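Report on the structure
Below are the chains, spelled out letter by letter.
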Amino acid sequence: MRLAHCSDLHLLSHDGARWLELANKRWIGAMNLISSRSRHYHVAAFETMVDDMNALGIEHVLCTGDVTNLALRREFEFARGKFDRLSNGPLGVTVIPGNHDAYVAEGVPLFAEMFGEYAAADAGWEWAEDHRHDADDVLHWPIVRIRGEVALIGLSTSRATPWFTAYGKVGPGQLARLALVLADPRLAGKVRVVGIHHPPAGRHAISRIRGLRDHHEFAAVIAQHGANLIVHGHEHQDLVEALPGPDGTSVPVRGVASGTYLHNKPERTARYRIYDIEGGQIRGDHVRIWDKERGVFERAAAVAAEAI
Ligand SMILES: [Fe+2]
Ligand SMILES: [Fe+2]
């Protein structure tokens, strides 16, 4: 299977946000947006990425969140329309929320409404009420989607946070359920790919402002139960880390840069990564990068076939 990982699209329609909708925290985000964001995050890049994925016949697309900027209904509608151009359809595309999709509290139900089909668990993987940990626990997560030899496990770390912060948290209920998923006999022999918005390892994980608050607890679940690959977004750069798995194994943790960004740093230019999964293993991966002038995505020679 070829699995594509993209993240942090921050799709913005230019007829987008009406000022009346910009309540509470949103006005800070809106100023941010006006000052730089809309000039550097290009919807055209995602349009071209979708064409590229469709042309390549990618079997599954995993997007690790931040599809919007301010979690406005209009933004979710706009983003949903763009995702609907993927020929795989919602069963072949998995989207989890990022902190921008939960920018304010109403973002969480809006994501569920607008991207529910892209974040639907397979039948038999629904969570019963007795799995609820506390009142804040969103029982929907984690989601499990089994596609051939790959088991995709999607987490939600995103919640409305105080001004000027962008941290995430898996939460004790979701962590307990993640442990159950990773140990579930239905996943025996599957390549277990965990998608999470916030980086769970390395120096970015420990930031109190932008990191993953319960990265220690997450690492403990991985140390006990393992996984084949953990992918994340949020930092808008390609990152390579690892977490210890059981029995001396190492679990790769890979971040991908934004799928729509274009500014003066070539290493952050809009991209996505393809993982080749075969015979129960991840055989390799490579990046495809946007060439705005030529209107295409192309395989990046410099980082091609970096084995993990
Ligand atoms: Fe982002
Ligand atoms: Fe983010």
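Below: a short report on this structure. All values reported here derive from a predicted model rather than from experimental measurement.

What follows concerns the overall build of the protein chain. Of the regular secondary structure elements, the protein chain holds 6 helices and 12 strands. Computed over its C-alpha atoms, the radius of gyration of the protein chain comes to 18 Å, within 12% of the 19 Å expected for a compact globule of 308 residues. For the C-alpha atoms alone, the extent of the protein chain along its principal axes is close to 50 × 45 × 35 Å. When burial is assessed residue by residue, the protein chain has 56% of its 308 residues classed as buried. In the protein chain, of all internal contacts separated by at least 6 residues, the share reaching a separation of at least 24 is 71%. Only carbon and sulfur atoms are counted for the fraction: they give 54% of the accessible area of the protein chain, which is about 12,800 Å². The positive charge centre, built from 34 side chains, and the negative charge centre, built from 38, are 3 Å apart in the protein chain.

Attention shifts here to the sheet that holds strand 5 (residues 150–154). With mixed pairing, 6 strands are arranged side by side in an open sheet as 4-5-6-7-9-8. Taken across any chain shown, the strands that pair with only one partner, and hence form the sheet edges, are strand 4 (143–147) and strand 8 (239–244). Strand-to-strand, the axes of this sheet are offset by a mean angle of 20 degrees, without reference to chain direction. Where strand 6 (residues 191–196) meets strand 7 (residues 229–232), 4 bridges bridge the pair, whose relative direction is parallel. Bridged to valine 193 within strand 7 is leucine 229. Sheet strands in contact with helix 5 (residues 172–183) are strand 4, strand 5 and strand 6, and its direction is about 180 degrees off that of strand 5.

Another aspect to go through is the packing of aromatic side chains. For the coordinates displayed, the defined rule picks out 9 aromatic pairs. Arranged with centres 5.7 Å apart and planes meeting at 50 degrees, the rings of tyrosine 272 and phenylalanine 297 form a pair that is tilted. Of this pair, tyrosine 272 sits in strand 10 (residues 271–278) while phenylalanine 297 is found in strand 12 (residues 296–299), placing the two residues 25 residues apart along the sequence. A relative accessible area of 0% places tyrosine 272 in the buried class.

Each pocket or cavity is described by its volume, and for the second largest pocket that value is around 470 Å³. Lining the second largest pocket are 27 residues, and of these Asp136, Val138, Ser156, Ser158 and Arg159 lie nearest its centre. Contributions of two or more residues to the lining of the second largest pocket are made by helix 4 (107–115) and helix 5. The residue makeup of the lining of the second largest pocket, split by class, is 13 nonpolar, 8 polar and 6 charged.

On the protein side, the iron ion (ligand 1) has Asp8 (OD), His10 (NE2), Asp66 (OD) and His236 (NE2) as donor atoms, found 2.0 to 2.2 Å from it. Viewed at the metal, the 4 donor atoms of the iron ion (ligand 1) are separated by angles of 86 to 172 degrees, and the geometry they form is irregular. Along the chain, the residues donating to the iron ion (ligand 1) fall in the pattern D-x1-H-x55-D-x169-H. A separation of 3.4 Å is found between the iron ion (ligand 1) and the iron ion (ligand 2), which share aspartate 66 as a coordinating residue. In this pair, histidine 10 is assigned in the loop between strand 1 (2–6) and helix 1 (26–40) and histidine 236 in the loop between strand 7 and strand 8, connecting sequence segments 226 residues apart. A single burial state applies to histidine 10 and to histidine 236, both of which are buried.

Conventions and cut-offs
- Residues numbered from 1 in each chain as written.
- Chains lettered and ligands numbered in written order.
- Predicted model: local features only at pLDDT ≥ 70, side-chain atom pairs only at ≥ 80, totals over all residues.
- Heavy atoms only, no water.
- Helix = DSSP H or I, 4+ residues; strand = E, 2+ residues; numbered from the N terminus.
- Rg over C-alpha atoms; globule rule 2.2 N^0.38 Å.
- Buried < 20%, exposed > 50% of the residue type's maximum accessible area, 1.4 Å probe, protein only.
- Contact = heavy atoms within 4.5 Å.
- Areas by Shrake-Rupley, 256 points an atom, 1.4 Å probe, with all protein chains shown as cover.
- Lys, Arg positive; Asp, Glu negative; His and termini not counted.
- Charge placed at Lys NZ, Arg CZ, Asp CG, Glu CD.
- Pairing = 2+ DSSP bridges.
- Axes fitted to C-alpha atoms, helices over the stretch in contact; angles between N-to-C directions.
- Phe/Tyr/Trp six-rings, centres within 6.5 Å; stacked < 30°, edge-to-face > 60°.
- 1 Å grid on protein atoms, 1.4 Å probe; cavity = no way out; pocket = protein on both sides within 12 Å on 5 of 7 lines; lining within 4 Å.
- Points joined across faces, edges and corners; volume = space filled by probe spheres on them.
- Nonpolar A, V, L, I, M, F, W, Y, C, P; charged D, E, K, R; others polar.
- Donors = N, O, S within 2.8 Å, 3.2 Å for Na, K, Ca; no water.
- Tetrahedral: all angles 85-135°; square planar, octahedral: opposite > 155°, others 65-115°.

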